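Chain by chain, the residues run as shown.
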Amino acid sequence: MLKLKDLYENFDLAYEALNQYDYDVEKTKKVINYFRISSNAIYPFYSKDGLNFLRLAKTTERNFDQSKAELELIKHLTGNGVNVLQVQNMKDGSNIKVLDSKFGEYIVCAFKRVKGDSLEDYLEKNEVTEEFIRGYGEALGKFHKATQGIRTLNRKDHNNFINQIEVRLNKYCKSEFMIKEFNKLKEQYLSLEVTPNNYGLIHYDAELDNVFYDNEEGFNFIDLDDSHYNFYLLDVARCLNEVERIAPKLMDKFIEGYKLHKDLEDDINYKFFKKISFMDIYAEIHYILSEDVIDKPDWMIDVINELNTMKKRYEDYFLKENN
C-alpha cells in the first residue's frame, strides 16, 4: 500500500494516461469514480473489448523493468494453462510504458476484467465447501507448478523481500520487541535451504480479493505486481491465513488440493511462514503511516484507525507467541 499522502485520486492523470488507449469516453465517465488506490492507482474504463482497469504506478515506487517482467510472467502462465488476468494493449500496440506527465513519471499499463467474482464476493453469496477450498488450493498448486524452474524474469527475490522489511522496521518502528522478533525470524529465514522444489516465483497476494471464480473458467488470478522469487510455502501460508479466517476446519483440504499439482515438504512449517507474512504486513503499516497528512478527510481517519488496530493486533500476536 502507498503512503497516506499518495492515496488521493487524480482523474486528470488518469485521463492523460487513458489517451494511450482506444476507450469509450461516455461509458468510462460512468465508472471511473469506482477507482481504487492501494499499492497502485487503479481506474476502471471501457473499450470495445469491455471493462478494463488502468494501473498507474509512480516510478519512485515501482521499477519499470520489474513491471515489464510481470507482464512476461502473465504470458508464461497463460501459455501453461493457468488462468490469469490479460493485458490490454495501447493504441500503438505497446502493453506498458512510462508516462512523463505534469504530475511526475508513472508506469502505465491496463488489464481486461476477468470473468466471475472475487472469492471474497463469491463466498458472501455461496457456501464454503470442501470442494471449493480444495479447488482454491489446487489453483495455487497449479500456479506454482507453472513457475517452477523459471529463473530468468527480472523480479525481486527473498533477499530483497526480507531486506525491505528490515529497512522499514529500522526506519519507522519504535518497538524494540518487534525488531528483536524480526531479527530472530530473519536469521532462521536466511538459513533455509533453497531448492528447485521449495523455491520459485510466487504470487504473494493470492488472497480472496485477488483470486476470482467463474463457474466455467474456474479460478483466475489477478494482481501479480507483488510476485517475486521466494519460498512457495510463503504463498501457501498467506492463502492458509485466508482459509483459517473463513473455514479453519478446511485448511487440510486446501493442502490436499495444492498437492494435486505441486509437492510440499512433509513438515509444513505453516506457523513460521505465517509469522514472516505478518511481519511484512506490520512493517508495511509503519511505512504507510510514516508521513502524516494535514487536514485529513474522514475516510483517511478511518483508514488510519484501522491500520493502527491491525498494528496492535500483530504486536499482540507476537507477544502471545513469545510467551
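Before any of the text, the structure's been laid out above.
Residues numbered from 1 in each chain as written. Predicted model: local features only at pLDDT ≥ 70, side-chain atom pairs only at ≥ 80, totals over all residues. Heavy atoms only, no water.

This brings us to the overall build of the protein chain. Per the secondary structure count, the protein chain includes 11 helices and 10 strands. Over its C-alpha atoms the protein chain spans a radius of gyration of 20 Å, differing by no more than 12% from the 20 Å that the globule rule assigns to 323 residues. Oriented by its inertia axes, the alpha-carbon framework of the protein chain measures out at about 55 × 50 × 40 Å. Roughly 16200 Å² of accessible area belongs to the protein chain as shown, and the carbon and sulfur atoms make up 45% of that amount. (Helix = DSSP H or I, 4+ residues; strand = E, 2+ residues; numbered from the N terminus. Rg over C-alpha atoms; globule rule 2.2 N^0.38 Å. Areas by Shrake-Rupley, 256 points an atom, 1.4 Å probe, with all protein chains shown as cover.)

If you trace the 5 strands from one edge of the open sheet to the other, you get β1-β2-β3-β5-β4, paired in antiparallel fashion. Two strands in the sheet have a free side with no partner beyond their single neighbour: β1 (36-37) and β4 (97-101). Pairing of strand β2 (residues 41-47) with strand β3 (residues 50-58) involves 7 bridges; the strand directions are antiparallel. Within β3, the position partnered with isoleucine 42 by the bridge is arginine 55. (Pairing = 2+ DSSP bridges.)

For the rest of this paragraph, the subject is the packing of aromatic side chains. How two aromatic rings sit relative to each other is set out by the distance from centre to centre and by the angle between their planes. Overall, the coordinates contain 23 aromatic pairs when judged by the stated rule. Geometrically, the ring pair formed by phenylalanine 132 and tyrosine 213 is edge-to-face, given 5.2 Å between the ring centres and 70° between the ring planes. On the criterion of sequence distance, the pair formed by phenylalanine 132 in helix α5 (residues 130-147) and tyrosine 213 in strand β8 (residues 211-214) is long-range, its members being 81 residues apart. Each member of the pair phenylalanine 132 and tyrosine 213 is classed as buried. Measuring from ring centre to ring centre gives 5.3 Å for phenylalanine 272 and phenylalanine 273, while their planes differ by 80°; the resulting arrangement is edge-to-face. On the basis of relative accessibility, which here comes to 5%, the residue phenylalanine 273 falls in the buried class. Taken together, Phe161, Tyr189, Tyr199, Tyr204, Phe231, Phe272 and Phe273 form an aromatic cluster joined through their ring pairs. Directly above the aromatic system of tyrosine 204 lies the positively charged group of arginine 238, at a separation of 4.2 Å from the ring centroid. (Phe/Tyr/Trp six-rings, centres within 6.5 Å; stacked < 30°, edge-to-face > 60°. Buried < 20%, exposed > 50% of the residue type's maximum accessible area, 1.4 Å probe, protein only. Lys NZ or Arg CZ within 6 Å of the ring centre and 35° of its normal.)

Applying the stated criterion across every chain yields a total of 24 salt bridges. As a salt-bridge pair, lysine 5 and aspartate 6 come within 3.6 Å of each other at their nearest N and O atoms. Classification of lysine 5 by relative accessible area gives partly exposed; the value is 38%. Across the pair glutamate 244 and lysine 274 runs a salt bridge, and its minimum N-O distance is 3.1 Å. Taken together, the residues span a long stretch of sequence, with glutamate 244 in helix α8 (residues 232-246) and lysine 274 in helix α10 (residues 270-288) at a distance of 30 residues. We classify lysine 274 as buried; its relative accessible area is 11%. The network of salt bridges with shared partners includes Glu130, Arg134, Lys253 and Glu256. (Salt bridge = Lys/Arg side-chain N within 4 Å of Asp/Glu carboxyl O.)

Everything listed here is a matter of coordinates, which is why it stays silent on function.
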